[in-house]
Amino acid sequence: MREELIIAGFGGQGIMFTGTLLSQAAMMEGKFVTYFPSYGAEVRGGTAHCSVTIADTSIGSPVITHPDSLLILNKPSLGRFGPRLKKGGLLVLNSTLIEDETSIGGGQVVRLPATDIAEKIGQITVANIVALGKYLALRKIVSQESVGQALEVLLAKKKKELIEVNKKALLAGYEYK
Amino acid sequence: MKKLFGKPESLTTVNHKYCPGCGHGIVHRLIAEVIDELGVREKTIGIAPVGCAVFAYDYWNFDVTEASHGRPPAVATGIKRVLPDRVVFTYQGDGDLAAIGMAETIHAANRGENITVIFINNAIYGMTTGQMAPTSLLGMKTTTTPFGREAKIAGYPIKVSELLVTLEGTTYLARGAVDSAKHVLEAKKAIKKAFEIQLSGKGYSLVEILSQCPPNWKMSVPESLEYVRKEMMTQFPLGVIKDKTGMTV
Amino acid sequence: MKQLMKGSAALGEGAIQAGGGAYFGYPITPQNELTEYMSRRMLEERRVFIQAESELAAINMVFGASVAGARAMTSSSSPGVSLKQEGISYMAGCELPGLIVNVQRGGPGLGNISGSQADYFQAVRGGGHGDYQVIVLTPASVQEMYEMPSMAFSLSEKYRTPALILTDGILAQMQEPMELVKINAARSGDQSWILDGCKGRAPRKIRSLLMEEGALEAHNRHLQKKYIEIKNKEQRYQLINEQAEIMLVAYGVSARVCYTAVQEANRKGLKVGLLRPITVWPFPEKIIQELVPQVKAFLVIELSAGQMVEDVNLAVNGKTPVYFYGRAGGACVTPEEVIKEIGKI
Ligand SMILES: Cc1ncc(C[n+]2csc(CCOP(=O)(O)OP(=O)(O)O)c2C)c(N)n1
Ligand code: SF4
Ligand SMILES: [Mg+2]
């Protein structure tokens, strides 16, 4: 098993957190994982992205050119990363913010209104976790439980009160049909 | 220690190579005497500059390191932060301290490093044989200001001690000279006070010493002493420029 | 227990666990996280941290702290490391230990802030003025980022010469699982040169100015003898697939790219291996010479226009073809590109 995923969206949509959360979960399952963020001036441009590779064997380059999957939370990121998706790859889109019917050649495109769902949960900032939930339902690279445990590890120190709402978001995305 | 004419313990027996009339040798001796009197020779670490005083480590009888041109304040910072209970001082010329090393000078002062800086202002680059220094006086002929220093081309002489006054981190700033027995004695008092301030943990001290460089000023020794009194002291008045301690010299 | 850690933080923590007593830095991307990490952790540990006024000041503070006997370090990225070269030369001349970290970014000039390997020549050919060498170590994982400062300090002290960790923006920014294993913090080598006040001993001096007839030449002979000893004893590398016919040679992040390519190529039945220098000075030339009879070709991969390839060529000495593929200006080579290059051989 080897999965290369790029997560992209606006700065402030929790892109980096989504990447580290998934990486943390993969590590807790004993898998090999690398996480590589965009940084510096690039982040200031408005979009942020990160690359996560998860595998059963040790991983070489943390840089991803043609991802197996894309988790795209805003429109500019779709233009930037869509064309790089591997043939037959998976594209999970936040349809609340990306309305147009861009077709990605040959890939599996899954739309979910992540921001709407997050709003219904009562915390608009967890749209990233909703999207992650859906992605995990489609690509079972780590279990939903592991991500739940990873949430507890990452939020334990400073944002304990946010653990529950994040878990709710994860579940909502996971079960979204 | 009351040895008035003997060699201070903090000086080696190595004969120094300074030109006749040069101020460097006198100031080396003053520092050595002060260190002896304070009884801190065995816990002193000096930093020699790049300049005519580069061989200072041969003349002082305590631990001394070299530093690259202009960086003694940074080297002193590194030493003092690692060994806060040692006595750490830099010895620097005007080129070293106020040209290439001005950034290090200002920032060490601004951090209030608990070090002592002995600044030899001879208004010239001695070691490289007589080029303009940041402290060269207007009209002064040097090998790089053959028509005399002109403000339009080469700016103005920098008053380093006055420049440092506004920095909160500076505790004691004083200017002396070594042109006469009286001034030598006063300079020694200022140097001693600077070291005492460091020993009591009160922070950054700098003593600027107006010094003569007869060969590069193209003067005889008496002429050079006259120049210090008439010209240098007009541009760079002697005295205490800042003293946050309230202690009197 | 494993934990996720950023490369730069791992390096910082590794230096702290290795007994790093003093850190001096000046902000520059992509190594800011290291300076920031140290600003917090060094003070927590009651050690010395200063944000210096420039890289020039920082390296000279390292000089001072090293004179005073501390395990001292600085870090920067390419443009800042250029500024440090004078100080590094002085440290080599004065035989002072110390650690410099270069988180390489694209150049020349201000370049960009992407990871790069374009400062190889600067690192392994001395960098500043005079005949000298620094020991250059190249981590290729977050785990190694953590463990390498200890190795760097020890080698640096053993041979009394500065050590440099040559890494890049990608390794510094990436995160992966690592373990905070126990780190050796014991100081090594002779310490009878440290300046801490001459109580109970003769005064010492530290200097690199040697004007007496023949003194500097003798000092240089002494330095060269030391460098030869390092060359003989300290070549380090990792070798994957010893029996390979095509041997990739790459360090740091490009070795990781090559590792993926090797896995791919082996799956296709190609006999491809990887030699990863861990020290690039001393360069692991002995193993290359040993590999020459069996290897049909070496393929050197770098994130530069071709620098380490010169050292491979020197070691191979024309006995086997040496190929090169690299990308400059902060661009990253992909495993696909490496496979394509293998195909061309
Ligand atoms: C980086 C560098 N630039 C230039 C020099 C050459 N140099 C040596 S001493 C010196 C100036 C010395 O003048 P000053 O600091 O006033 O000391 P003085 O000799 O007058 O006491 C210069 C420019 C050097 N050694 N290193
Ligand atoms: S050149 Fe000037 S500063 Fe240098 S030793 Fe001679 S008199 Fe002194
Ligand atoms: Mg001068």
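Every value quoted in this text rests on a predicted model; they were computed, and no experiment measured them.

### Quick look at the overall build of chain C
When its secondary structure is counted, chain C shows 12 helices and 15 strands. Radius of gyration (C-alpha) of chain C: 20 Å, near the 20 Å computed for a compact globule of 345 residues. By the burial criterion, 63% of the 345 residues in chain C qualify as buried. For chain C, the proportion of contacts with a sequence separation of at least 24, taken over those separated by at least 6, is 79%. Summed over its atoms, the accessible surface of chain C is roughly 12500 Å², and 50% of this surface lies on carbon and sulfur atoms. Here chain C holds 36 positive side-chain charges and 35 negative ones, and the gap between their average locations is 4 Å.

### Quick look at the domain arrangement of chain C
All names here are of chain C. According to the domain assignment, chain C consists of domain 1 (2–195 + 225–230) and domain 2 (237–344). Distance from the C-alpha centre of domain 1 to the C-alpha centre of domain 2: 26 Å. Across the boundary between the two partners, domain 1 contributes 33 residues, which contact 24 residues of domain 2. Carbon and sulfur atoms make up 54% of the surface buried where domain 1 meets domain 2, a total of about 2300 Å² over both sides. A per-residue breakdown of the area domain 1 buries against domain 2 is headed by Q117, Y120 and T138, which together make up 31% of the total. Our enumeration of links across domain 1 and domain 2 arrives at 4 salt bridges. Notably, a salt bridge pairs R125 with D311, separated by 3.1 Å at the nearest N-O pair.

### Some details on the side chain of C:Q133
Residues and elements named next belong to chain C. Tracing the sequence through the fold places Q133 in the loop between α5 (120–124) and β6 (135–137). Classification of Q133 as buried rests on a relative accessible area of 17%. Separated by 3.4 Å, the side chains of Q133 and W281 make a polar contact. In contact with Q133, other than residues within four places in its own chain, are V124, G126, T161, Y227 and W281.

### Concerning a nonpolar patch on the surface
All names here are of chain A. On the surface, M28, V153 and L154 cluster together to form a nonpolar patch covering roughly 220 Å² of accessible area. Mapped onto the elements of the fold, L154 is located in helix α6 (residues 144–155). L154 sits in the partly exposed class, given a relative accessible area of 30%.

### Regarding the site of ligand 2
Residues and elements named next belong to chain B. In the region of ligand 2, the neighbouring residues are Y18, C19, C22, H24, C52, N122, C213, P214, P215 and N216. No other element matches the 3 residues that helix α9 (residues 214–217) contributes to the shell around ligand 2. Grouping the amino acids of the shell around ligand 2 by side-chain chemistry returns 7 nonpolar, 3 polar and no charged.

### A short note on the interface of chain B and chain C
Listed by partner, the interface residues are 34 residues for chain B and 36 residues for chain C. Contact with chain C buries area across many residues of chain B, yet B:E42, B:D63 and B:E66 alone supply 22% of it, more than any other trio. Counting every contact that joins chain B to chain C gives 3 salt bridges. A salt bridge links C:R201 to B:D63; its shortest N-O distance comes to 2.6 Å. Viewed at the interface, chain C and chain B are joined by 15 residue pairs in polar contact (both at pLDDT 80 or more). Elements that contribute at least two residues to the side of chain B that touches chain C include exactly β1 (44–48), α2 (56–59), β2 (63–66), α3 (72–82) and α5 (102–110) of chain B. Counting residues per element, the side of chain B that touches chain C draws most heavily on α3(B), at 7 residues. Grouping the amino acids of the side of chain B that touches chain C by side-chain chemistry returns 14 nonpolar, 8 polar and 12 charged. For β2(B) and strand β9 (residues 205–206) of chain C, the ladder comprises 2 bridges, and the chain directions are parallel.

### A short note on the sheet that holds strand β4 (residues 72–76) of chain C
Residues and elements named next belong to chain C. Spatial ordering of the open sheet is given by β3-β2-β4-β5-β7-β6-β13, a layout of 7 strands whose pairing is mixed. At either end of the open sheet lies a strand with only one pairing partner, and these are β3 (48–51) and β13 (279–281). For this sheet, the mean inter-axis angle between neighbouring strands, taken without regard to orientation, is 20°. Bridge analysis of strand β2 (residues 22–25) against β3 gives 4 bridges, and the strand direction is parallel. Bridge assignment links F24 to a residue of β3, and that residue is I50. With respect to the sheet, helix α4 (residues 78–94) is in contact with β4 and β5 (99–104), its orientation differing from that of β5 by roughly 155°.

### Some thoughts on the nonpolar core
C:M38 and C:F298 are the most contacted members of the largest nonpolar core, which has 141 residues in total. In terms of domain composition, this core takes at least three residues from each of domain 1 (2–195 + 225–230) and domain 2 (237–344) of chain C. Discounting residues that sit within four places of it in the chain, C:M38 has contacts with C:G12, C:A15, C:I16, C:Y23, C:L43, C:F49 and C:M73. Counting residues in hydrophobic clusters, the runner-up holds 42 residues, among them A:L22, A:A48, A:V52 and A:L112.

### A short note on helix α6 (residues 142–159) of chain C
All names here are of chain C. Taking 1.5 Å of rise per residue, the 18 residues of α6 would be expected to cover 26 Å, and the 26 Å separating its terminal C-alpha atoms lies within 8% of that figure. Residue M148 marks the point of greatest curvature in α6, where the axis turns by about 35°; the proline P149 follows within four residues. Phi for R160, located one or two positions after α6, is positive at around 50°.

### Let's talk about the sheet that holds strand β7 (residues 170–177) of chain B
Read across the open sheet, the 8 strands follow the order β9(B)-β7(B)-β8(B)-β4(B)-β3(B)-β1(B)-β2(B)-β9(C); overall the sheet is mixed. In the strand order of this sheet, the two ends are held by β9 (239–243) of chain B together with β9 of chain C, each with one partner. Here 5 bridges tie strand β3 (residues 87–93) of chain B to strand β4 (residues 116–121) of chain B, and the two strands are oriented parallel to one another. When the sheet's bridge partners are listed, B:F89 is paired in β4(B) with B:T116.

### Examining empty space enclosed by the protein
Counted under the stated rule, the structure contains 2 cavities of 30 Å³ or more. Within this model, the largest cavity holds a volume of roughly 40 Å³. Along the walls of the largest cavity sit C:S66, C:A70, C:R71, C:A72, C:P97, C:G98, C:F153, C:S156, C:E157 and C:R187, which together make up its complete lining. Per element, the largest residue contribution to the lining of the largest cavity is 3 residues, and it comes from α6(C). The residue makeup of the lining of the largest cavity, split by class, is 4 nonpolar, 3 polar and 3 charged. Approximately 30 Å³ is the volume found for the second largest cavity. Lining of the second largest cavity is provided by A:S61, A:V63, A:T65, C:C332, C:V333, C:T334 and C:P335. For the lining of the second largest cavity, the per-class residue count stands at 4 nonpolar, 3 polar and no charged.

### Comments concerning the site of ligand 1
Residues and elements named next belong to chain B. Near ligand 1 lie 17 residues; those nearest to it are H24, C52, D94, D96 and G126. H24 has a polar side-chain atom sitting 2.8 Å from an oxygen atom of ligand 1. Contacts to ligand 1 include D96, whose backbone N or O atom sits 2.8 Å from an oxygen atom. Starting from 590 Å² of accessible surface for ligand 1 in isolation, the protein chains cover 77%. If you list the elements that add at least two residues to the shell around ligand 1, you get α4 (94–100) and β5 (124–125). In terms of residue count, α4 provides more of the shell around ligand 1 than any other element does, 4 residues in total. Residue composition of the shell around ligand 1, by class: 6 nonpolar, 8 polar and 3 charged.

Conventions and cut-offs
- Residues numbered from 1 in each chain as written.
- Chains lettered and ligands numbered in written order.
- Predicted model: local features only at pLDDT ≥ 70, side-chain atom pairs only at ≥ 80, totals over all residues.
- Heavy atoms only, no water.
- Helix = DSSP H or I, 4+ residues; strand = E, 2+ residues; numbered from the N terminus.
- Rg over C-alpha atoms; globule rule 2.2 N^0.38 Å.
- Buried < 20%, exposed > 50% of the residue type's maximum accessible area, 1.4 Å probe, protein only.
- Contact = heavy atoms within 4.5 Å.
- Areas by Shrake-Rupley, 256 points an atom, 1.4 Å probe, with all protein chains shown as cover.
- Lys, Arg positive; Asp, Glu negative; His and termini not counted.
- Charge placed at Lys NZ, Arg CZ, Asp CG, Glu CD.
- Domains from an automatic or database assignment.
- Buried area = accessible area lost by both parts, 1.4 Å probe.
- Salt bridge = Lys/Arg side-chain N within 4 Å of Asp/Glu carboxyl O.
- Polar contact = N/O pair within 3.5 Å; in protein donor to acceptor, adjacent residues only side chain to side chain.
- Patch = residues over 30% accessible without salt bridge, like charges linked within 9 Å, V, L, I, M, F, W, Y side chains within 5 Å.
- Near = heavy atom within 4 Å.
- Nonpolar A, V, L, I, M, F, W, Y, C, P; charged D, E, K, R; others polar.
- Pairing = 2+ DSSP bridges.
- Axes fitted to C-alpha atoms, helices over the stretch in contact; angles between N-to-C directions.
- Core = buried A, V, L, I, M, F, W, Y, C linked by side-chain atoms within 4.5 Å.
- Expected span 1.5 Å × (residues − 1).
- Bend = angle between axes of the 7 residues up to and from the residue.
- 1 Å grid on protein atoms, 1.4 Å probe; cavity = no way out; pocket = protein on both sides within 12 Å on 5 of 7 lines; lining within 4 Å.
- Points joined across faces, edges and corners; volume = space filled by probe spheres on them.

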